[in-house]
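Here are the chains, one letter per residue:
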Amino acid sequence: MTEHAPPETHPTTGPDAASRRPPAEEADVIVVGAGPAGATTAFYLAQSGLDVLVLEKSTFPREKVCGDGLTPRAVKSLISMGISVTEKDGWVRNKGLRVIGAGKRMELLWPELASYPDYGLVRTRLDLDETLARRAQQAGARLLEGVTVIGPVLDERTGRITGVTARPAGGAGERSYAARVVVAADGNSSRLSVAMGLRKRDDRPLGVAVRTYYRSPRHDDDYLESWLDLWDGDRLLPGYGWIFGMGDGTSNIGLGILDTSKAFGKVDYRDMMQRWLATTPPEWELTEENRTVPIRGAALPMGFNRKPHYTRGLLLVGDAGGMVNPFNGEGIAYAMESGELAARVIAQANARTGTYARELALSDYPRILGETYGGYYTLGRYFVKLIGNPKVMQLATQRGLSHPMLMKFTLKLLANLTDPRGGDAMDRIINGIAKVAPRA
C-alpha cells in the first residue's frame with residue numbers, strides 16, 4: 001500500500017497538539033501482537049510484498065500459558081510456512097491421542113488424511129512463538145519488541161483506524177505508527193479491539209485452562225494424553241486434564257474447564273489439579289517437589305466470541321477474534337489459519353485501486369471466516385452445552401470409551417480433522433453437518 005492517512009487526520013487534544021505529536025512511522029499494515037496469529041499474518045503479508053510492522057509488548061523468548069501440544073492441523077500450518085519440524089530441530093512428535101476416563105483407556109492414532117499429516121508435535125510456547133516471529137522477520141516483516149500498543153489512531157471524519165499509538169519499553173514517551181490496515185492479534189483481552197468498540201459476546205463459550213510442568217519419567221510419551229475424569233465432589237465437570245511429554249525430562253500438565261458448568265468460576269483449579277495428580281501412579285513422580293514452575297492460568301475465547309472480525313480498517317485474528325475450537329480448546333491452529341486468511345484478504349485489497357474496491361475486499365474477511373469455521377463452531381456450541389450437564393458428560397465418557405469406532409469418529413470431530421473433499425464416511429458426515437449448521 002502507498003496511501004496513508006495524513007497527519008492532520010490524527011486526533012488532537014489542543015491547539016498546538018500537532019506540534020507536540022511524535023513523528024509517525026508508516027507501514028502498509030500494522031500487526032499488533034507477535035503470537036502465532038500475528039506472526040503468521042505478518043509472514044504471509046511480507047511474502048506478498050507488503051511492508052508490515054509488528055508491534056509486540058513482550059520480548060522474545062517469552063512464556064505463554066498453553067498445553068504446548070500441536071495437532072496435525074497446526075503441523076500443517078507450520079509446514080506451509082517452511083518451518084522444519086524435525087526432531088533435530090527441537091520438535092517432539094506424537095502419533096495420536098490417549099483418552100482415559102470412567103476406568104477405561106483408549107489410544108487413538110491421528111487419522112490418515114490427504115489434507116493433514118498423520119502426526120502431531122509438542123514444543124514449548126517459549127520456543128514456538130519465537131520461531132514463528134523470527135520466520136516472519138526472515139520473510140521481511142519488521143518486528144519491534146517491547147512496544148505496548150495503547151490505542152488506535154482514528155480518522156476524525158470517518159472513524160476509520162489509521163494507525164496506533166504505542167509506548168516503547170521503559171515508558172519513554174509515546175509514538176504513533178500509521179498504516180491503512182491494522183490487524184489485532186493481541187490475544188483474548190485484545191485492548192485494541194475493545195478500544196474500537198468490539199467487546200466479547202456472552203452467548204459464546206469460554207474456557208479456563210491452568211498448566212504447569214513436572215519432572216517425570218513420562219516425558220518421552222509418544223501420545224498426547226487426555227483425562228476425562230475431572231470431578232468437583234460428586235459432579236463430573238465438562239473439560240479434561242492433559243499430560244503432554246516434552247521430551248526434555250518434563251511433562252506439560254494442565255486442565256481446562258468450560259463455562260457451561262455451574263461450577264465454572266467457583267472451582268479452585270489449582271487444588272483440583274493437585275487432587276487429580278494425586279490419583280496417578282507413584283512411578284510417574286507427579287509430586288509437588290517435582291513441579292518446576294508455578295501453576296498459571298489463562299482464558300480460552302471460543303466460537304467467535306468477538307465480532308465483527310472486520311470493521312473500519314481493523315481485522316481480528318486468533319484469540320482476539322475468539323477463534324479457539326469449542327470442541328477441544330485448541331487455539332494455535334486456528335490462530336495461524338486465521339492469520340493466513342487475513343493476510344490473503346489484505347493482499348487482495350492492496351492490489352485494488354480506489355477506496356471502495358479495497359474496502360469491498362477487506363469486508364469479505366468475515367464471510368470467509370464464516371464459511372471456514374462458522375458451522376463447525378456452531379456445532380461446538382451445541383456440544384459444550386450438552387456436556388455442561390454432568391449426567392450427559394458421565395454417560396458420554398462411559399459409553400464412548402467402550403466403542404473404538406465411535407471414538408475414532410469423535411477424534412475427527414473434536415480435532416476438526418477431515419478431508420474436505422472425498423474422504424471416508426465419517427468425513428462426509430462431519431462435513432455435511434457442519435455445512436448445514438447455522439454459522440457462528
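Fair warning: this is a prediction, and the values are worked out from it, not measured in the lab. (Residues numbered from 1 in each chain as written. Predicted model: local features only at pLDDT ≥ 70, side-chain atom pairs only at ≥ 80, totals over all residues. Heavy atoms only, no water.)

Here's the deal with the overall build of the chain
- Assigned secondary structure in the chain consists of 12 helices and 22 strands.
- For 440 residues, the compact-globule estimate of 2.2 N^0.38 gives 22 Å, and the chain sits close to it at 22 Å.
- If you line up the chain on its principal axes, its C-alpha atoms span 70 × 50 × 45 Å.
- Counting across all 440 residues of the chain, residues that qualify as buried make up 54%.
- Excluding contacts between residues fewer than 6 apart, the proportion of contacts in the chain whose partners are at least 24 apart in sequence is 71%.
- Accessible surface computed for the chain: about 18700 Å², of which carbon and sulfur atoms make up 53%. (Helix = DSSP H or I, 4+ residues; strand = E, 2+ residues; numbered from the N terminus. Rg over C-alpha atoms; globule rule 2.2 N^0.38 Å. Buried < 20%, exposed > 50% of the residue type's maximum accessible area, 1.4 Å probe, protein only. Contact = heavy atoms within 4.5 Å. Areas by Shrake-Rupley, 256 points an atom, 1.4 Å probe, with all protein chains shown as cover.)

What to know about the pairing of strand β2 (residues 29-32)
- Residue alternation in β2 divides its side chains into two sets, Val29 and Val31 and Ile30 and Val32, and both sets are buried.
- Examined bridge by bridge, β2 and strand β3 (residues 52-56) share 4 bridges and lie parallel to one another. Following the sheet pairing, Ile30 is matched in β3 by Leu53.
- What joins β2 to β3 is helix α2 (residues 36-47), and the crossover it makes is right-handed. (Pairing = 2+ DSSP bridges. Right-handed = clockwise from strand over helix to strand, strands pointing away.)

Quick notes on the sheet that holds strand β8 (residues 120-122)
- Spatially, the 3 strands line up as an open sheet ordered β4-β8-β5, and their pairing is antiparallel. Here the strands that pair on one side only, and so sit at the sheet edges, are β4 (69-70) and β5 (92-94).
- Where β4 meets β8, 2 bridges bridge the pair, whose relative direction is antiparallel. When the sheet's bridge partners are listed, Leu70 is paired in β8 with Leu121.

Description of the packing of helix α7 (residues 332-350) against helix α8 (residues 355-362)
- Contact geometry of α7 with α8 gives a least axis separation of 8 Å together with a crossing angle of 165°. On the basis of their axis angle, the class for α7 and α8 is roughly antiparallel. The interaxial crossing formed by α7 with α8 has right-handed handedness. Contact residues: Val345, Ile346, Gln348 and Ala349 in α7; Arg358, Ala361 and Leu362 in α8.
- Across the contact of α7 with α8, the residue classes break down as 5 nonpolar, 1 polar and 1 charged. (Axes fitted to C-alpha atoms, helices over the stretch in contact; angles between N-to-C directions. Parallel < 35°, antiparallel > 145°, perpendicular 65-115°, else oblique. Left-handed = near helix turned anticlockwise from the far one by under 90°. Nonpolar A, V, L, I, M, F, W, Y, C, P; charged D, E, K, R; others polar.)

A word on the packing of α2 against helix α4 (residues 125-139)
- With their axes 8 Å apart at the nearest point, α2 and α4 run at an angle of 15° to one another. As summarised for this structure, α2 and α4 are arranged roughly parallel, according to the angle between their axes. By crossing handedness, the relation of α2 to α4 is classed as left-handed. Residues Pro36, Ala39, Ala42, Phe43, Ala46 and Gln47 of α2 form the contact with α4, whose participating residues are Arg125, Asp129, Leu132, Ala133, Arg135, Ala136 and Ala139.

Description of the nonpolar core
- If you look at the biggest cluster of nonpolar residues, it comprises 64 residues, and the most contacted ones within it are Val29, Val52, Leu78, Ile346 and Tyr365.
- Element by element, the count of residues in this core is highest for α7, at 10 residues.
- Among residues more than four places away in sequence, those in contact with Tyr365 are His309, Tyr310, Leu315, Leu316, Val317, Met323, Ser338, Leu341, Ala342 and Val345. (Core = buried A, V, L, I, M, F, W, Y, C linked by side-chain atoms within 4.5 Å.)

Side note on a positive patch on the surface
- A surface patch of like charges, here positive, comprises Lys57, Lys64, Arg191 and Arg296.
- Using a relative accessible area of 33% as the deciding quantity, one classes Lys64 as partly exposed. (Patch = residues over 30% accessible without salt bridge, like charges linked within 9 Å, V, L, I, M, F, W, Y side chains within 5 Å. Salt bridge = Lys/Arg side-chain N within 4 Å of Asp/Glu carboxyl O. Lys, Arg positive; Asp, Glu negative; His and termini not counted. Charge placed at Lys NZ, Arg CZ, Asp CG, Glu CD.)

A closer look at helix α10 (residues 390-400)
- Those residues of α10 that fall on the buried side of the exposure criterion are Met393, Thr397 and Gly400. Across the axial projection of α10, the buried residues extend over an arc of 90°, all falling on one side. Turned more than 90 degrees off the buried face of α10, the exposed positions are Lys391 and Arg399.
- Tucked inside the fold, the buried residues of α10 contact β6 (96-101), β17 (235-236), β18 (239-245), α9 (365-387) and α11 (404-415).
- Capping of α10 at its N-terminal end is provided by Asn389; its side-chain oxygen lies 2.9 Å from the backbone amide nitrogen of Lys391. (Arc of directions from axis to C-beta. Polar contact = N/O pair within 3.5 Å; in protein donor to acceptor, adjacent residues only side chain to side chain.)

Comments concerning unusual backbone geometry
- Pro61 follows Phe60 through a cis peptide bond whose omega is 0°.
- Topologically, Pro61 is positioned in the loop between β3 and β4.
- Of note, Ser190 is a non-glycine position whose phi angle comes to about 35°, a positive value.
- A relative accessible area of 0% means that Ser190 is categorised as buried.
- Look at Glu285: it is not a glycine, yet its phi comes out positive at around 60°.
- Within the secondary structure, Glu285 sits in the loop between α6 (269-277) and β20 (296-301).

Observations regarding the pattern of salt bridges
- The full count for this structure, using the stated rule, is 30 salt bridges.
- With a closest N to O distance of 3.7 Å, Glu371 and Arg439 form a salt bridge. Placement of Glu371 in helix α9 and of Arg439 in the segment after α12 (425-436) is noted, with a sequence separation of 68 residues between them.
- A salt bridge links Lys412 to Asp427; the nearest nitrogen and oxygen atoms lie 2.6 Å apart.

Side note on the sheet that holds β20
- Spatial strand order, β7-β6-β15-β18-β19-β14-β20: 7 strands in an open sheet with mixed pairing. Two strands lie at the open edges of the sheet, namely β7 (104-109) and β20, each paired on one side alone. The mean inter-strand angle of the sheet, taken between neighbouring strand axes irrespective of direction, is 20°.
- As paired elements, β6 and β7 share 6 bridges and run antiparallel to each other. Note that in β7 the partner of Gly96 across the bridge is Leu109.

So, the side chain of Thr311
- Relative to the elements of secondary structure, Thr311 occurs in strand β21 (residues 310-311).
- Excluding its chain neighbours within four sequence positions, the residues that come into contact with Thr311 are Met196 and Leu198.

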